[in-house]
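Spelled out, the chains give:
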Amino acid sequence: QDQLVESGGGSVQAGGSLRLSCAASGDTYSNYYMAWFRQAPGKGREGVAAISPGGGITAYSDSVKGRFTISRDNAKNTLYLQMNSLKPEDTAMYYCAADRRPGNTLVAVYYRYWGRGTQVTVSS
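All values derive from a computational prediction rather than experimental measurement.

Peer 1: Could you clarify how one ought to interpret the side chain of Thr118 in this entry?
Peer 2: Residue position: Thr118 is located in strand E11 (residues 118–123). According to the relative accessible area criterion, Thr118 is buried, its value standing at 10%. For Thr118, the side chain forms a polar contact with the main-chain nitrogen of Gly9, separated by 3.1 Å. Apart from the residues lying within four places of it in its own chain, the contact partners of Thr118 are Glu6, Ser7, Gly8, Gly9, Leu20, Ala92, Met93 and Tyr94.

Okay, here's the thing in structure tokens:
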């Protein structure tokens, strides 16, 4: 059974860092585009960062560009999100997602597989 499991969330002060991980099992995710999304209470699911199957192409939302870095280790079937210079507005539930051919890599509706999320809270 396909499964994505996020970890690494927590509470930090503004300016701090966190590293999220997403462990994939049940399929060869090296063939999939993967991405991180986030959702704050009362808001829609926002695409944060995406990465191509081989890791050579990445995309970021303007709100995190220069602060967050997405990466993957296909040998370990694991996706990462390094988050630096965190701001209170980064507070949200963070989800990883996977799909073979998303029509738009930062739009949630194009992703078939989802994890359950990990909470990130940034205090000022």
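Peer 1: Any chance you could explain the pattern of salt bridges here in plain terms?
Peer 2: When charged atoms on two side chains of opposite charge get close, those side chains can pair. Within this structure, the stated rule accounts for 4 salt bridges. With a closest N to O distance of 2.9 Å, Arg38 and Asp90 form a salt bridge. You can see Arg38 sitting in strand E4 (residues 33–39) and its partner Asp90 sitting in the loop between strand E8 (78–83) and strand E9 (92–99), a full 52 residues away along the chain. Among the residues examined, Arg38 registers a relative accessible area of 6% and is labelled buried.

Peer 1: Is there a simple way to explain the state of the cysteines in this structure?
Peer 2: What makes a disulfide is a covalent bond joining the sulfur atoms belonging to two cysteines. Using the criterion set out here, one finds 1 disulfide in the structure. The residue that forms a disulfide with Cys22 is Cys96, at a sulfur-sulfur distance of 2.0 Å. Here the residue Cys22 occupies a position in strand E3 (residues 18–25), and Cys96 occupies one in strand E9, the gap between them amounting to 74 residues. Overall, Cys96 belongs to the buried group, its relative accessible area being 0%.

Peer 1: Sorry, what's going on with the environment of Leu20 here?
Peer 2: Along the chain, the position of Leu20 falls in strand E3. Taking the C-alpha atoms as reference points, Leu20 and Met83, 63 residues apart in sequence, are found 7.9 Å from one another. Once residues within four sequence positions are removed from consideration, Leu20 is found in contact with Ser7, Gly8, Gly9, Trp36, Leu79, Tyr80, Leu81, Met83, Tyr94, Thr118 and Val120.

Peer 1: Help me understand the nonpolar core in this model?
Peer 2: Nonpolar side chains in soluble globular proteins generally cluster together in the buried interior. Of all hydrophobic cores here, the largest spans 29 residues; its most connected members are Leu4, Met34, Trp36, Leu81, Met83 and Tyr94. Going through the elements one at a time, E3, E4, strand E5 (46–51), strand E7 (68–73), E8, E9 and E11 are the ones with two or more residues in this core. Leave out the neighbours within four places in its chain, and Leu81 touches Leu18, Arg19, Leu20, Trp36, Val48, Ala49, Phe68, Thr69, Ile70 and Tyr94. Formed by 6 residues, the second largest nonpolar core is a distinct cluster that contains Ala35, Phe37, Ala50 and Tyr111.

Peer 1: Just checking my understanding: could you explain the packing of aromatic side chains for this structure?
Peer 2: How two aromatic rings sit relative to each other is given by the distance of their centres and the angle of their planes. Within this structure, the stated rule accounts for 6 aromatic pairs. Here Phe37 and Tyr111 contribute two aromatic rings whose centre-to-centre distance is 5.3 Å and whose plane-to-plane angle is 75°, an arrangement assigned as edge-to-face. Taken as a pair, Phe37 in strand E4 and Tyr111 in the loop between E9 and strand E10 (113–114) lie far apart in primary sequence, 74 residues in all. Each of the two residues, Phe37 as well as Tyr111, counts as buried. Their ring planes at 80° and their centres at 6.5 Å tell us that Tyr95 and Trp114 sit as a pair that is edge-to-face. One end of the pair, Tyr95, is in strand E9; the other, Trp114, is in strand E10, with 19 residues separating them in the sequence. Overall, Trp114 belongs to the partly exposed group, its relative accessible area being 26%.

Procedures and definitions
- Residues numbered from 1 in each chain as written.
- Predicted model: local features only at pLDDT ≥ 70, side-chain atom pairs only at ≥ 80, totals over all residues.
- Heavy atoms only, no water.
- Helix = DSSP H or I, 4+ residues; strand = E, 2+ residues; numbered from the N terminus.
- Buried < 20%, exposed > 50% of the residue type's maximum accessible area, 1.4 Å probe, protein only.
- Polar contact = N/O pair within 3.5 Å; in protein donor to acceptor, adjacent residues only side chain to side chain.
- Contact = heavy atoms within 4.5 Å.
- Salt bridge = Lys/Arg side-chain N within 4 Å of Asp/Glu carboxyl O.
- Disulfide = S-S within 2.5 Å.
- Core = buried A, V, L, I, M, F, W, Y, C linked by side-chain atoms within 4.5 Å.
- Phe/Tyr/Trp six-rings, centres within 6.5 Å; stacked < 30°, edge-to-face > 60°.

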